Amino acid sequence: MKKDITTKEAVLAITQDIALYILKLNISDIEFVDKELKRIEKREADIVALCKIDGVEQILHLEIQNSNDKLMPRRMLRYYTDIKTQFAEYQVKQYVIYIGKPKLNMKDSIEEENLSYKYTLVDMHNIDCDELLKLDTPDALVLSILCDFKGKDELEILKYILKRLAELSADDEYKLSKYMLMLETLSDNRDLQTKLKEAEEMLREIRYEKLPSYEIAMERGMEKGMEKGMIQAAIEMVKEFKLDAKEVAQKLNVPLNELLKRL
């Protein structure tokens, strides 16, 4: 999973949501410790967190996997030894969340002479996307992108998710931005980036006409003459709503050069 300092809050929320909605774990007091696990080989775990699970301090290790990897058990074992080397005093809970389209055929254990190792493998094909959507909370809606859509139109589902996130976030742009970042982070794992961008563009067109400044443009266009009213409203949309001048000019059908001169 792609993550950096700018997405820390989003990854924190994703960790909490996966634990709650998929793994049915109650976690709190989360501290990411993956940066403390160092090896010569470049190999990063998706999420490694020191946290309380049902009130007991433990290590939670999550991997989001979008393909079948026959070496996954050995990869997870190596992660386990890295974690226990650094945090020997804590119990380690390891989960692989499989979100690939092909049928899951990875093993969840290693059984050899003098070695018995096992982790928990979760197949998202078995998680009902509709159930998460029906919960109709921003967190559940975001997490539903990891589910198997069961042949349903991916674009239509993404449009629905985006529309509900916008509605549930109301006028809280910070809240909406956080959930959008979570959605974009998870879409990378499902190879849905292109369709998500397409859905975002469609949503943008829908929301644009609901802006108060757009309604002002219509009213002023009727009162003062269409061209003057549109230009004045365009100026307010750029200045007050911080929208892109070129896009506003195209949407309201006003000359861009005229708009730029008045800003």
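Criteria and cut-off values
- Residues numbered from 1 in each chain as written.
- Predicted model: local features only at pLDDT ≥ 70, side-chain atom pairs only at ≥ 80, totals over all residues.
- Heavy atoms only, no water.
- Axes fitted to C-alpha atoms, helices over the stretch in contact; angles between N-to-C directions.
- Helix = DSSP H or I, 4+ residues; strand = E, 2+ residues; numbered from the N terminus.
- Parallel < 35°, antiparallel > 145°, perpendicular 65-115°, else oblique.
- Left-handed = near helix turned anticlockwise from the far one by under 90°.
- Contact = heavy atoms within 4.5 Å.
- Nonpolar A, V, L, I, M, F, W, Y, C, P; charged D, E, K, R; others polar.
- Buried < 20%, exposed > 50% of the residue type's maximum accessible area, 1.4 Å probe, protein only.
- Pairing = 2+ DSSP bridges.
- Expected span 1.5 Å × (residues − 1).
- Lys, Arg positive; Asp, Glu negative; His and termini not counted.
- Salt bridge = Lys/Arg side-chain N within 4 Å of Asp/Glu carboxyl O.

Participant: Sorry if this is basic, but what is going on with the packing of helix α5 (residues 154-169) against helix α6 (residues 173-190) here?
Facilitator: Each pair of packed helices gets described by two things: the angle between the helix axes and the distance between those axes. Where α5 meets α6, the axes come as close as 9 Å, and the angle between the chain directions of the two elements is 160 degrees. By the angle between their axes, α5 is roughly antiparallel relative to α6. For the element pair α5 and α6, the recorded crossing hand is right-handed. Listed contacts from α6 to E154, I161, L162, L165, A166, L168 and S169 of α5 are K175, L176, Y179, M180, L183 and R190. Considering only residue class, the contact of α5 with α6 consists of nine nonpolar, one polar and three charged.

Participant: I keep staring at the packing of helix α1 (residues 8-22) against α6 and nothing clicks. Help me out?
Facilitator: Direction vectors running N to C along α1 and α6 enclose 70 degrees, while the axes themselves pass 9 Å from each other. Judged by the angle between their axes, α1 and α6 are roughly perpendicular. Contacts between α1 and α6 involve E9, A10, A13, I14 and D17 on the former and, on the latter, Y174, K178, L181, M182, T185 and L186. Considering only residue class, the contact of α1 with α6 consists of seven nonpolar, one polar and three charged.

Participant: Honestly, the pairing of strand β2 (residues 47-53) in this entry has me stumped. Any pointers?
Facilitator: Remark: a regular strand shows side chains that alternate across the two faces of the sheet. In terms of burial, β2 is largely enclosed, as six of its seven residues are buried. Where strand β1 (residues 27-32) and β2 come together, four bridges link them in antiparallel fashion. Residue pairing for β2: E31 is matched across the bridge by L50. Where β2 lies against strand β3 (residues 56-65), seven bridges are found, and the strand directions are antiparallel. Note on β3: the bridge partner recorded for V48 is H61. If you look at the hairpin formed by β2 and β3, you'll find two residues sitting between the two strands, and D54 has a positive phi there, around 55 degrees.

Participant: Which parts of the structure should I look at to understand α1?
Facilitator: Note: α-helices contain 3.6 residues per turn, so residues at a spacing of three or four share the same orientation. For α1, with 15 residues, the first-to-last C-alpha span of 20 Å sits near the 21 Å given by 1.5 Å per residue. Buried within α1 are the following residues: A10, V11, A13, I14, T15, D17, I18, A19, Y21 and I22. One or two steps after α1, the chain reaches K24, where phi turns positive at roughly 60 degrees.

Participant: How should the side chain of D17 be read in this particular structure?
Facilitator: Note that D17 resides in helix α1. Buried and unpaired, D17 has K178 as its nearest opposite-charge partner, separated by 7.3 Å. Apart from residues lying up to four places away in sequence, D17 is in contact with I22, D139, L143 and M182.

Participant: What's the story with unusual backbone geometry in this structure? I'm lost.
Facilitator: Leave glycine aside and you will find that most residues have negative phi; peptide bonds, for their part, are mostly trans. Of note in this structure, K24 is not a glycine but carries a positive phi near 60 degrees. Among the secondary structure elements, K24 is positioned in the loop between α1 and β1. Given a relative accessible area of 63%, K24 falls into the exposed group. With a phi angle near 55 degrees, D136 is a residue other than glycine that sits in the positive phi range. Its place among the elements puts D136 in the loop between α3 (129-135) and α4 (138-143).

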